[in-house]
Amino acid sequence: QQVAKLLLQAYGLEPYRSDLLISAANALVHDGELSRAIALLGDALPNMPDDLDTNSYLAIWSLVAGTEEAASRYFAKVRDLNQGRANDMSRIINCVQGVTA
């Protein structure tokens, strides 16, 4: 949580740096705070709505969190931005779901 805290402090000093929010979200995922991470990614999205990585993170973590409607919405955006990334994500999701089923 210390890493996320420091990144959020840095973001407070440079609020145009959405990458700091994304890094803080990744640190929170690592710390097991998925809902906070998703909220931070959502906060970053208005400043960069066509960012492939942010939409990809939101699609995957929303799916993991069980919010399939949100996951589908973000995945559709990923597909619009980069069909190859969407194909890769679909293969990974299918593989993981096959193992955990």
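What you see is a predicted model, and the numbers here were worked out from it, not measured in a lab. Every chain is numbered independently, its residues counted from 1 as its sequence is written. Where local features are concerned, this predicted model is filtered to residues with pLDDT of at least 70; where side-chain atom pairs are given and counted, the filter is 80 or more; whole-chain, interface and lining totals use all residues. Values reported for side chains reflect all heavy atoms of the structure, with hydrogen atoms and water molecules removed beforehand.

## With respect to the confidence of the model for the protein
When pLDDT is averaged along the protein, the result is 94, and 99% of the positions lie at 70 or above. Between the elements of the protein, mean pLDDT differs from a low of 90, seen in helix 6 (residues 83–100), to a high of 97, seen in helix 5 (residues 68–81). Across the chain, each position has a pLDDT score giving the predictor's confidence in that residue, from 0 to 100. Runs of H or I in DSSP of at least four residues are treated as helices and runs of E of at least two as strands, each being numbered from the N terminus.

## Overview of the packing of helix 4 (residues 52–65) against helix 5
Axis geometry follows a simple rule: fit a line to the C-alpha atoms, using only the stretch in contact for helices, then measure angles between N-to-C directions, giving values from 0 to 180 degrees. The interhelical angle for the contact between helix 4 and helix 5, taken along N-to-C directions, is 150 degrees, at an axis separation of 8 Å. With respect to each other, helix 4 and helix 5 are oriented roughly antiparallel. Both helix 4 and helix 5 take part in a crossing whose hand is left-handed. Here helix 4 contributes Leu-52, Asn-55, Ser-56, Leu-58, Ala-59, Ser-62 and Leu-63 to the contact with helix 5, which in turn contributes Glu-68, Ala-70, Ala-71, Tyr-74, Phe-75, Lys-77, Val-78 and Leu-81. Ten residue types, Ala, Val, Leu, Ile, Met, Phe, Trp, Tyr, Cys and Pro, are classed as nonpolar, four, Asp, Glu, Lys and Arg, as charged, and the remainder, Gly among them, as polar. Of the residues assigned to the contact of helix 4 with helix 5, the class counts are ten nonpolar, three polar and two charged. Small angles under 35 degrees read as roughly parallel and large ones over 145 as roughly antiparallel, with 65 to 115 read as roughly perpendicular and the rest as oblique. Should the near helix be turned anticlockwise from the far one by less than a right angle, the crossing is termed left-handed; should it be turned clockwise, right-handed. Only heavy atoms matter for contacts: two residues are in contact if any of them lie within 4.5 Å across the pair.

## Comments concerning the side chain of Ser-18
With respect to the helices, strands and loops of the structure, Ser-18 is situated in helix 2 (residues 18–30). Of note is the side chain of Ser-18, whose polar atom sits 3.4 Å from the side chain of Asn-47. Here Ser-18 is in contact with Tyr-11, Ala-44, Asn-47 and Met-48, once residues within four sequence places are set aside. Under the rule applied, a polar contact is a pair of N or O atoms within 3.5 Å (in protein, one hydrogen donor and one hydrogen acceptor; residues adjacent in sequence only if both atoms are side-chain atoms).

## Section: the nonpolar core
As used here, the term nonpolar core means buried Ala, Val, Leu, Ile, Met, Phe, Trp, Tyr and Cys residues forming a set that is joined through side-chain atoms within 4.5 Å. For each residue, the accessible area found with a 1.4 Å probe, counting protein chains only, is set against the maximum for its type, and the residue is called buried under 20%, exposed over 50%, and partly exposed in between. Grouped together as the largest cluster of nonpolar side chains are 27 residues, with contacts concentrated most on Leu-40, Leu-58 and Tyr-74. Secondary-structure elements contributing two or more residues to this core are helix 1 (2–13), helix 2, helix 3 (34–44), helix 4, helix 5 and helix 6. Setting aside residues no more than four positions away along its own chain, Tyr-74 makes contact with Leu-45, Asn-55, Leu-58, Ala-59 and Ser-62.

## Some remarks on the pattern of salt bridges
For this analysis, a salt bridge means a side-chain nitrogen from Lys or Arg found within 4 Å of a carboxyl oxygen belonging to Asp or Glu. Counted by the stated rule, this structure contains six salt bridges. Lys-77 is the salt-bridge partner of Asp-50, the closest N and O atoms lying 2.6 Å from each other. Separated by 27 residues along the polypeptide, Asp-50 in the loop between helix 3 and helix 4 and Lys-77 in helix 5 bring together distant segments of the chain. For Lys-77, a relative accessible area of 27% corresponds to the partly exposed category. Taken together, the salt bridges that share partners define one network made up of Glu-14, Arg-17 and Asp-19.

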